[in-house]
Amino acid sequence: MLFNEIVRLSAEHLWLVAIAVVAATAIAAPSAVFLTRHARARRWTLGAVNIVQTIPSLALFGFLLPLPFIGGVGKQTAVLALILYALLPILRNTVVGITGVDSMVRESAVAMGMTDGQILRDVELPLALPTILAGVRIATVTTIGTATIAAAIGGGGLGTFVFRGIAMADTKMILAGAVPAAIMAITADEVLEWVERRFSY
Amino acid sequence: MAALVEFRNVAYRVGDRDILRGIDLSIEQNETVVLLGRSGSGKTTLLRMVNRLLEPSAGEVLFAGRRIADQDRFRLRRRIGYVIQEGGLFPHATVAQNIGLVPKLEGWAEERIRTRVAELLDAVGLQPHVYAARYPRQLSGGEKQRVGIARALAADPPLLLLDEPFAALDPVTRFEMQQHFARLSRAFGKTALFVTHDIREALMLGTRIALLKDGRLELVARADEFPGATSQEALAFLATVTQSVTSNHDA
């Protein structure tokens, strides 16, 4: 009975994390590419995303609740908050990965007559890929943790056990949420690190 | 013979600082012109204007008789080979992919690229079956530089630009590479513009030497006549070749 619920909430948890990380990657990676081409926008955007990161997660969930359309108790608010948290590591790592490409390599690419698009596709992105994937890995692992708090605003997932356990002063119940979340985080870390290594040159 | 490259009263300014002033220089077909000068003399800046990595603040640069400012920069660059220190090779691409880059950009067929890569590896003294599939990290400094030269020659460009290509090599490897380059440029009949701060290298490889000082062209002389030059800066460079002998006598 409890086991079935652990499986169900784990799946729900994983689903929250997957949507948040995929959406954050889809937003952050192209934005980061744009930012590598515009130094001024880069400073401002990274600063703004940094600030979002410093808001305590419970407070951010609270801020989002009263917002019209996107706010309110439920999954969509939880996912939105998780996306906001996942943006920074992916954005920052993509920017760092691309701007970190050896200047001699970039110069010779330009000098051989590659266009900006060709340099991005054939030189910068392949060389930045391990760093970008490291950003996705960090985002995934932290989102797995943060997603437990999403239960506070009706996001569901393993946090449901944690909050129920706290309310009932039931340690076993808290562990039923915390242990699967920890296992999920460690597994995700290992798997994504393996993927990262595969794409290193 | 018509000049392949021509600088006409070229200047380059950053803010209110003059990096280069009033440069007039032509590079004829089949000659190697060495730009010699100290660090900060503007030699690399001048080189980088030929393939439009930099645009002159004043004056104009001509390539094959046409103003480069009027030419498509990407097509222009593909017709000019470029070699820098350590070759600037792509670390994620094999030796063969590195060398085949410009031909691929130019849309050559796979088979033709493969043949050309093998031909060039042979020409720079690397066995194709050993080196083609390697990555740059698996190469020594000298081997990287050979691949860098092969890459610059790949699409058979009429002009080569070389920016201190051998500066990072140990003295023995550097000497071998200099000799190899001299043979290659004769064999391929290439025109080259070669930047260095090493007077020995300039004398060994140059048809003519253009000496830069503080952004001005101090002297242009045939390499075999350069040792007789009497300008201050030329004497300063020539002294680096004779100085060691003098100090030996003093000891």
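The numbers attached to residues start from 1 for each chain and follow its sequence in the written order. Going through the entries in the order they are written, you letter the chains from A and number the ligands from 1. Where totals are concerned, whole chains, interfaces and linings use all residues; where local detail is concerned, this predicted model gives features only for residues with pLDDT of at least 70, and gives and counts side-chain atom pairs only at 80 or more. Computation of side-chain values: all heavy atoms of the structure, hydrogens and water removed.

J.: So what exactly am I meant to see when it comes to the interface of chain B and chain A here?
T.: For interface size, the figure often reported is the accessible area lost on association. Contacts were defined at the residue level, with two residues in contact if any of their heavy atoms lie within 4.5 Å. The interface is formed by 20 residues belonging to chain B together with 17 residues belonging to chain A. Put simply, buried area is the surface a 1.4 Å probe can reach on two separate parts but cannot reach once they are joined, added for both. Here chain B and chain A share an interface that buries about 1700 Å² over both sides, 71% of which is from carbon and sulfur atoms. We count a salt bridge whenever a side-chain nitrogen from Lys or Arg sits within 4 Å of a carboxyl oxygen from Asp or Glu. For the interface between chain B and chain A, the tally reads one salt bridge. Residue Arg-48 of chain B is joined to Glu-107 of chain A by a salt bridge in which the shortest nitrogen-to-oxygen separation is 2.9 Å. Counted as a polar contact is a pair of N or O atoms within 3.5 Å, where, for protein atoms, one must be capable of donating a hydrogen and the other of accepting one, and residues adjacent in sequence contribute only when both atoms are in side chains. Linking chain B to chain A there are six residue pairs in polar contact (both at pLDDT 80 or more).

J.: Quick question: what am I supposed to make of the nonpolar core here?
T.: Only buried residues count toward a nonpolar core. Its members are Ala, Val, Leu, Ile, Met, Phe, Trp, Tyr and Cys residues joined through side-chain atoms within 4.5 Å. Relative accessibility thresholds used throughout: buried, under 20% of the residue-type maximum; exposed, over 50%; partly exposed, between the two (1.4 Å probe, protein chains only). The biggest cluster of nonpolar side chains holds 43 residues, and the ones touching the most others in it are Leu-36, Ile-99, Ile-149, Phe-166, Phe-181 and Phe-226 of chain B. Among the elements that line this core, the one with the most residues is helix H7 (residues 141-153) of chain B, at five residues. Excluding its chain neighbours within four sequence positions, the residues that come into contact with Leu-36 of chain B are Lys-43, Thr-196, His-197, Asp-198, Ile-199, Ala-202, Ile-209, Ala-210, Leu-211, Leu-212, Phe-226 and Phe-237 of chain B. Core analysis: the next-biggest nonpolar cluster, separate from the first, contains 41 residues, Leu-9, Leu-64, Ile-90 and Ala-147 of chain A among them. Runs of E in the DSSP output that reach at least two residues are strands. Runs of H or I that reach at least four are helices, and both are numbered from the N terminus.

J.: Can you walk me through the packing of helix H1 (residues 2-36) of chain A against helix H7 (residues 159-167) of chain A in this structure?
T.: Residues and elements named next belong to chain A. Orientation is described by axes fitted as lines to C-alpha atoms, over the contacting stretch for helices, and by angles from 0 to 180 degrees between their N-to-C directions. Relative orientation of the contacting elements H1 and H7 amounts to 125°, with a least axis distance of 9 Å. The orientation of H1 relative to H7 falls into the category oblique. Note on element contacts: H7 touches H1 through Gly-159, Thr-160, Phe-161 and Arg-164, opposite Leu-2, Glu-5, Ile-6, Leu-9 and His-13. Only Asp, Glu, Lys and Arg are considered charged in this grouping, and only Ala, Val, Leu, Ile, Met, Phe, Trp, Tyr, Cys and Pro are considered nonpolar; every other residue, Gly among them, is considered polar. In terms of residue class, the contact of H1 with H7 is built from four nonpolar, three polar and two charged. Oblique is the label for any angle not covered by the other classes, which are roughly parallel (under 35 degrees), roughly antiparallel (over 145) and roughly perpendicular (65 to 115).

J.: Honestly, the confidence of the model for chain B in this entry has me stumped. Any pointers?
T.: In low-pLDDT regions, the fine details of the predicted coordinates are not to be read closely. Residue and element names in this part refer to chain B. pLDDT is a residue-level measure of predictor confidence that goes from 0 to 100. When pLDDT is averaged across chain B, the result is 90; 96% of the residues are at 70 or more. At the low end of the mean pLDDT range in chain B sits helix H10 (residues 232-250), at 74; at the high end sits helix H3 (residues 95-99), at 96. Overall fold confidence (pTM) sits at 0.85, and the ipTM for the predicted complex is 0.87.

J.: Help me out: how do you make sense of the pattern of salt bridges in this one?
T.: Two side chains with opposite charge may pair up if their charged atoms get near one another. Residue and element names in this part refer to chain B. If you walk through the whole model with that rule in mind, you get 27 salt bridges over all chains. Put simply, Arg-67 and Asp-70 hold a salt bridge, and the shortest N to O gap is 3.1 Å. Taking the relative accessible area as the measure of exposure, Arg-67 reaches 35% and is therefore partly exposed. For Asp-70, a relative accessible area of 53% gives the class exposed. Across the pair Arg-114 and Glu-111 runs a salt bridge, and its minimum N-O distance is 2.6 Å. Of this pair, Arg-114 and Glu-111 both sit in helix H5 (residues 110-123), three residues apart, which is roughly one turn of that helix. Sharing partners across several salt bridges, the network here consists of Glu-6, Arg-8, Glu-60, Arg-67 and Asp-70.

J.: Where do I start with the packing of aromatic side chains in this structure?
T.: The geometry of two aromatic rings is summed up by the distance between their centres and the angle between their planes. Residues and elements named next belong to chain B. Stacked, tilted and edge-to-face pairs are distinguished by plane angle, under 30 degrees for stacked and over 60 for edge-to-face with tilted covering the rest, among Phe, Tyr and Trp rings (Trp via its six-membered ring) whose centres lie within 6.5 Å. Evaluation of the coordinates by the stated rule reveals three aromatic pairs over all chains. Ring geometry for Phe-166 and Phe-181: centres 6.4 Å apart, planes at 65°, overall edge-to-face. Placement of the pair is Phe-166 in the loop between strand S7 (159-163) and helix H8 (171-188) and Phe-181 in helix H8, with a sequence separation of 15 residues. Accessibility assignment for this pair places Phe-166 and Phe-181 in one class, buried.

J.: Before we go on, may I ask you to explain the sheet that holds strand S10 (residues 216-222) of chain B in this structure?
T.: Strand pairing within a sheet occurs via backbone hydrogen bonds; the two strands may be parallel or antiparallel. All names here are of chain B. In this analysis, strands are considered paired if DSSP registers two or more bridges between them. Strand order in the open sheet formed by six strands is S6-S7-S8-S3-S9-S10, with mixed pairing between adjacent strands. Each edge of the open sheet carries a strand with a single partner, namely strand S6 (80-84) and S10. Geometrically, the sheet is characterised by an average inter-axis angle of 15° between neighbouring strands, direction not taken into account. Strand direction decides the pairing type here: strand S9 (residues 208-213) and S10, joined by six bridges, are antiparallel. Each residue of the ladder has a partner; that of Ile-209, found in S10, is Ala-221. Against the sheet, H7 touches S6 and S7, its axis set at about 165° to S6.

J.: What is the right way to look at the environment of Thr-25 of chain A in this model?
T.: Among the secondary structure elements, Thr-25 of chain A is positioned in helix H1. Excluding residues within four positions of it along the chain, Thr-25 of chain A makes contact with Pro-30, Ile-90 and Val-136 of chain A.

J.: Please explain the packing of H1 of chain A against helix H4 (residues 75-99) of chain A as it appears in this structure.
T.: Two measures define how a pair of helices packs: the angle their axes make with one another and the distance between the axes. Residues and elements named next belong to chain A. Between H1 and H4, the shortest axis-to-axis distance is 6 Å and the interhelical angle comes to 40°. With respect to H4, the axis of H1 lies oblique. Of the two elements, H1 crosses H4, and the hand of that crossing is right-handed. The hand of a helix crossing depends on one turn: near helix anticlockwise from the far one by less than a right angle means left-handed, and clockwise means right-handed.

J.: Just checking my understanding: could you explain unusual backbone geometry for this structure?
T.: Excluding glycine, residues mostly have negative phi values, and the peptide bonds linking residues are mostly trans. Residues and elements named next belong to chain B. A positive phi is found at Asn-9, a non-glycine position, where the angle reads about 50°. Relative to the elements of secondary structure, Asn-9 occurs in strand S1 (residues 3-14). The exposure class of Asn-9 is partly exposed, given its relative accessible area of 47%. For Glu-164, which is not a glycine, the phi torsion comes out positive at approximately 40°. Position of Glu-164 among the secondary structure elements: in the loop between S7 and H8. Residue class for Glu-164 comes out buried when judged on its relative accessible area of 13%.

J.: Even after reading the chapter, I still don't get the sheet that holds S1 of chain B, so can you show me in this structure?
T.: Residue and element names in this part refer to chain B. Taken together, four strands build an open sheet; the order of strands is S2-S1-S4-S5 and the sheet is antiparallel. Unpaired on one side and paired on the other, strand S2 (17-28) and strand S5 (66-67) mark the two borders of the sheet. As defined by bridge partners, S1 adjoins S2 across eight bridges and the pair is classed as antiparallel. Within the sheet, the bridge partner assigned to Tyr-12 lies in S2 and is Leu-20.

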